[in-house]
Amino acid sequence: MGDWMRARLPFALAEFVMFVLKQGWACLFGGLMLILLIVTKLVWQSDWALARYDFLLVCALAIQALFLWLKLESWREAKVILLFHVTGTIMEIFKLEMGSWSYPEPGVMKIAGVPLFSGFLYASVGSYIARVVRIFDMRFTPYPPEWTTWALGLAIYLNFFWHHFGPDARYVLMAATILLFWRTRISFLVQDHRYAMPLLVAACLSTVFLWIAENIGTLTGTWVYAGNSVFHWTGIAKAGSWYLLLYVSLVQVMLVHRERLGPNQKEE
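Calculation notes
- Residues numbered from 1 in each chain as written.
- Predicted model: local features only at pLDDT ≥ 70, side-chain atom pairs only at ≥ 80, totals over all residues.
- Heavy atoms only, no water.
- Salt bridge = Lys/Arg side-chain N within 4 Å of Asp/Glu carboxyl O.
- Helix = DSSP H or I, 4+ residues; strand = E, 2+ residues; numbered from the N terminus.
- Buried < 20%, exposed > 50% of the residue type's maximum accessible area, 1.4 Å probe, protein only.

Peer 1: Provide a residue-level description of the pattern of salt bridges, including the pertinent values.
Peer 2: In total, this model carries nine salt bridges according to the counting rule given. A salt bridge links E105 to R52; its shortest N-O distance comes to 2.7 Å. Of this pair, E105 sits in the loop between β1 (101-102) and β2 (110-111) while R52 sits in helix α4 (residues 52-69), and the two are 53 residues apart along the sequence. Residue class for R52 comes out buried when judged on its relative accessible area of 3%. Of the charged contacts in the structure, one is a salt bridge between E77 and R134, with a shortest N-O distance of 2.6 Å. Of this pair, E77 sits in helix α5 (residues 75-98) while R134 is found in helix α6 (residues 118-135), placing the two residues 57 residues apart along the sequence. Given a relative accessible area of 2%, E77 falls into the buried group. Among the ionic contacts, a cluster of salt bridges with common partners joins D137, R139, R194, E259 and R260.

Okay, here's the thing in structure tokens:
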């Protein structure tokens, strides 16, 4: 495809098109899940034997198995993606109990009211990060000391629980991401040329697309936010939540991509 592009398009345009195509390929898991949310909402009937939520779980498991069989993800990557899946499901259970949102449809495969397919929506973020790092042959330089990134990720995760009982530290944590990663640049390969982008810029761009995807999912009525009887776009605060969750996923995925971290992290 790259050869075809180079032969027919100006260099800059060919690079841009390949960048977009590679990004789409990287978020394949999340894209398939989003398509399933939309299609099942359009066709599903309440009197069908299998509940929509349970069908989504079956499909998510099938997609994950297919990714491993086709080697679109490695087993090492799948393990850390599973970790984000579990932590996401735990947070879903807590948020549901606190009344932040609800899952209005019936289903057999639920834990404390949370349909099990929902964990795959978090896993799709981890899948995207793991795949985009490989597909673009990314390098992170300089990467902060690993213990500081884990401390930040843990603090972010705990704040999603804590802010229901005490002050919300999200803006402090956002400031911490800037302090910790402001020097980190991502080097990436599109075709034959390398480019670089500040990690903070990449995180902000990814957040925008995650926020859009979440709103599309909300439009399907798969989940309903507290106080909402009809769809409306979620506010910027929700985008901030996805921005922070990206770092929780990042520090976990980097467990299997340590060779891509700059000298500040690994001593040569």
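Peer 1: Help me get a handle on unusual backbone geometry, residues and values and all.
Peer 2: P142 follows T141 through a cis peptide bond whose omega is -15°. Mapping P142 onto the fold places it in the loop between β4 (139-141) and α7 (146-162). Even without being glycine, K71 reaches a positive phi, approximately 65°. Inspection of the secondary structure assignment puts K71 in the loop between α4 and α5. Overall, the relative accessible area of 69% leaves K71 in the exposed class.

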